Amino acid sequence: MNFAQRSLVYAGTALLTLGLTLPVAAATAAQGAGGVPARPEQLTYKPFAFAAPDGDKYRHTLPGGVVVYIVEDHSLPLVKLQATFRTGAFREGAHETGLAAMTAAMMRQGGTTKLSPEEFDQKADFLAALVGSSAGATSASASLDVITPALGSGLDLLFDMVRNPRFDEARLAVQKSTVLEEMKQRNDDAGDIADREWDFLSRGEKHYASRRMTQADLEAITRDKLIAFHRRTWGSEHLVVAISGDVDTKAMLADLGKRLAGFKAGEPNAPWPPSGPAFTPPPGLFHIEKDIPQGKVTLGELGIQWKDYADPEPYALTVMNDILGGGGFTARLMKRVRSDEGLAYGAYSQFGIGTFWPGLFEVGFASKNPTVALATKIVLEEVEKIRTGLVSEEELRVSKASFIDTFPRTFESPAATARTFANDEVIGRPHSYWTEYRRRIEAVSAENIRAAAAKYLDSAKLAMLVVGKWSEIEAGDAAGRAKMAELFGGQVKHLPLRDPLTLVPLPQ
């Protein structure tokens, strides 16, 4: 008997045994033996009780002022560390776009004064350690994932990278070549075009959260400039560290204090909180030509900024957005645009509550060119409905439950807990935000949602960007249910595509 035959025999025996067993089990359940209910819906569960941890319990301050959050977990011999520095694109000077990100990338790729790039890579591989660095608009980070026996050696690598980067010339040339090739492909994908132009429309081209590097910016980056930016902006001032895993808190703090001693930036007093140039998205319909079968659509306007974490409005807007388009298949936009009309694979919304500047309210979808107008018409109808009408009790219940029931995931691991509280420290959010979060969500009413939506959703301020083939988009669907001339007063501004290397508008 071969393997396949034996497998069939064993499978048949298993099915026969299962068939004989199930009736017995069913009869036992029906009789309630052992307290087992007869049917699944009769199962009952004890209420799940979860209390948000106290962030101050994990907070420590080193003698030099560095704040450290440590969450011990000795279940596995693993340690995670993330150090967040007050640098990033907001520290770039004129004509330095991309310098912060390149500095962070080359800190990891370019070796250290003691180790060549190849030696650094080999040591990290030998330790099975993940060492990284990156930079965004308002912060930069260095990270380490390592097993406990190699923690000391892993920390040696991490802080050698942070304090003594080499910025190897050969590695820099390779990285610049890679970035240049990526730039050349900027106009290949309609989604990339839409993302770039929407950032420009919504934030302006000068905001460091939206601006893009050009070939000239890239070519201007030299090893000397990386060294200067690192010396100027990377230091222990205002540094926040998150550590989780198999560590001893007291010993870890003493070790960090020694490693960070004397590590200062050339410009220690970074402007904080960071702020970009004020900009209001221009309302109206904007289009960029791209010969694709589906139009990529984004609509939006300015959202709000966190001012007071006890203010009930942001929580009402959070629930409002979930019901409108943030809640996946339970959201109104998804139901109407996808499920009812079949106009798109999905339609989403988000209401941004910014930390350092106002966020954005955004709606996005992709639809066949002839049905872009109809999908947009439906979106605008749903925005108006949530502004003027009350959401149902069922919608309110489901949405609030989704936030409340998934809340414990915020602290689902020691690493998540440490990172969450460290992020609070970085952005200035009180830890009480977490202890009060569920109560504030639960307090949201249908009336609160309507009032907040009416206040912050204004169709007259909406901007809409479409990337697609206008000759097919403009006329609308064949059934005549909607056409672009019926939207935004029938006015459209056709934006030129940009040169991928210079970002200068191309002739139309």
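Just so it is clear, the model here is predicted, and its values are computed rather than measured. (Residues numbered from 1 in each chain as written. Predicted model: local features only at pLDDT ≥ 70, side-chain atom pairs only at ≥ 80, totals over all residues. Heavy atoms only, no water.)

(A) How the structure looks around the overall build of the chain. A tally of helices and strands in the chain yields 17 helices and 14 strands. Counting every position in the chain, which comprises 508 residues, the buried fraction comes to 48%. Across the chain, contacts joining residues at least 24 apart in sequence account for 79% of those joining residues at least 6 apart. Split by element, the accessible area of the chain, about 25000 Å² in all, is 55% carbon and sulfur. (Helix = DSSP H or I, 4+ residues; strand = E, 2+ residues; numbered from the N terminus. Buried < 20%, exposed > 50% of the residue type's maximum accessible area, 1.4 Å probe, protein only. Contact = heavy atoms within 4.5 Å. Areas by Shrake-Rupley, 256 points an atom, 1.4 Å probe, with all protein chains shown as cover.)

(B) Summary view of the packing of helix H13 (residues 393-406) against helix H15 (residues 432-442). Contact geometry of H13 with H15 gives a least axis separation of 9 Å together with a crossing angle of 170 degrees. It follows that H13 is roughly antiparallel to H15 by the angle criterion. Judged by residue contacts, Lys400, Phe403 and Ile404 of H13 engage Tyr437, Arg438, Ile441 and Glu442 from H15. (Axes fitted to C-alpha atoms, helices over the stretch in contact; angles between N-to-C directions. Parallel < 35°, antiparallel > 145°, perpendicular 65-115°, else oblique.)

(C) Structural context of the pairing of strand S12 (residues 360-368). Burial of S12 is extensive: eight of the nine residues sit out of reach of the surface. Bridge count for strand S8 (residues 294-302) against S12 is nine bridges, and the pairing is antiparallel. Its bridge partner lying in S12, leucine 299 is registered against valine 363. Pairing between strand S10 (residues 344-351) and S12: six bridges, direction antiparallel. What sits directly across from serine 349, in S12, is valine 363. (Pairing = 2+ DSSP bridges.)

(D) Summary view of the confidence of the model for the chain. With 93% of its residues at a pLDDT of at least 70, the chain reaches an overall mean of 93. Within the model, the stretch residues 1-31 combines pLDDT values under 50 with seven contacts to residues more than four positions away or in other chains. (pLDDT = per-residue confidence, 0-100.)

(E) Seen up close, the pattern of salt bridges. One pass over the structure, following the stated rule, counts 30 salt bridges. Residue aspartate 291 is joined to lysine 469 by a salt bridge in which the shortest nitrogen-to-oxygen separation is 3.8 Å. Of this pair, aspartate 291 sits in the loop between strand S7 (284-289) and S8 while lysine 469 is found in the loop between strand S13 (463-468) and helix H17 (470-473), placing the two residues 178 residues apart along the sequence. With relative accessibility at 62%, the residue aspartate 291 sits in the exposed group. Of the residues examined, lysine 469 reaches a relative accessible area of 24% and is grouped as partly exposed. (Salt bridge = Lys/Arg side-chain N within 4 Å of Asp/Glu carboxyl O.)

(F) Structural context of the packing of helix H2 (residues 99-109) against helix H8 (residues 223-233). At their nearest, the axes of H2 and H8 sit 10 Å apart, and the two run at 95 degrees to each other. Here H2 is positioned roughly perpendicular relative to H8, judged by the angle of their axes. For the pair formed by H2 and H8, the contact residues are Leu99, Ala100, Met102, Thr103, Met106 and Met107 on the first element and Lys225, Leu226, Phe229 and His230 on the second. Of the residues belonging to the contact of H2 with H8, the class tally is seven nonpolar, two polar and one charged. (Nonpolar A, V, L, I, M, F, W, Y, C, P; charged D, E, K, R; others polar.)

(G) Spatial organisation of the nonpolar core. Within the largest apolar cluster, 73 residues are counted, with the highest numbers of intra-cluster contacts made by Met320, Phe351, Ile386, Ile449 and Met484. For this core, the element with the most residues is helix H12 (residues 372-388), which contributes eight residues. Ignoring anything within four residues of it in the chain, the contact list for phenylalanine 351 reads Gly303, Ile304, Leu317, Met320, Asn321, Leu360, Phe361, Tyr456 and Leu457. Ranked by size, the runner-up nonpolar core spans 54 residues in total, among them Leu62, Ala142, Trp234 and Leu239. (Core = buried A, V, L, I, M, F, W, Y, C linked by side-chain atoms within 4.5 Å.)

(H) Focus on the side chain of lysine 400. Inspection of the secondary structure assignment puts lysine 400 in helix H13. Polar contacts involving the side chain of lysine 400 include one to the main-chain carbonyl oxygen of valine 444, which spans 3.0 Å. If we skip the residues at most four places from it in the chain, lysine 400 touches Val319, Ile441, Glu442 and Val444. (Polar contact = N/O pair within 3.5 Å; in protein donor to acceptor, adjacent residues only side chain to side chain.)

(I) Representation of the layout of surface pockets. Here the largest pocket is characterised by a volume of approximately 550 Å³. Around the largest pocket sit 21 residues that line it, and Gly98, Ala101, Arg211, Arg212 and Met213 are the ones nearest its centre. Listed by contribution, the elements that provide at least two residues to the lining of the largest pocket are H2 and helix H5 (169-184). The volume enclosed by the second largest pocket comes to roughly 270 Å³. Along the wall of the second largest pocket there are 13 residues; nearest its centre are Thr97, Glu205, Lys206, Arg211 and Arg212. Class assignment of the residues belonging to the lining of the second largest pocket gives a composition of three nonpolar, three polar and seven charged. (1 Å grid on protein atoms, 1.4 Å probe; cavity = no way out; pocket = protein on both sides within 12 Å on 5 of 7 lines; lining within 4 Å. Points joined across faces, edges and corners; volume = space filled by probe spheres on them.)

(J) Spotlight on the sheet that holds S7. Strand order in this open sheet of six strands is S10-S12-S8-S13-S7-S14, and the pairing throughout is mixed. Every interior strand has two partners, whereas the edge strands, S10 and strand S14 (492-495), have only one. Between one strand axis and the next, the sheet turns by 15 degrees as a mean value, whatever way the strands run. As paired strands, S8 and S13 are joined by five bridges and run antiparallel to one another. Across the sheet, the residue bridging to threonine 298 is leucine 465, located in S13. In the packing of helix H11 (residues 332-340) onto the sheet, contacts are made with S10 and S12, and the angle to S10 comes to roughly 160 degrees.

(K) Spatial organisation of a nonpolar patch on the surface. On the surface, Leu76, Leu78 and Ile147 cluster together to form a nonpolar patch covering roughly 260 Å² of accessible area. Structurally, the position occupied by leucine 78 is in strand S3 (residues 78-85). (Patch = residues over 30% accessible without salt bridge, like charges linked within 9 Å, V, L, I, M, F, W, Y side chains within 5 Å.)

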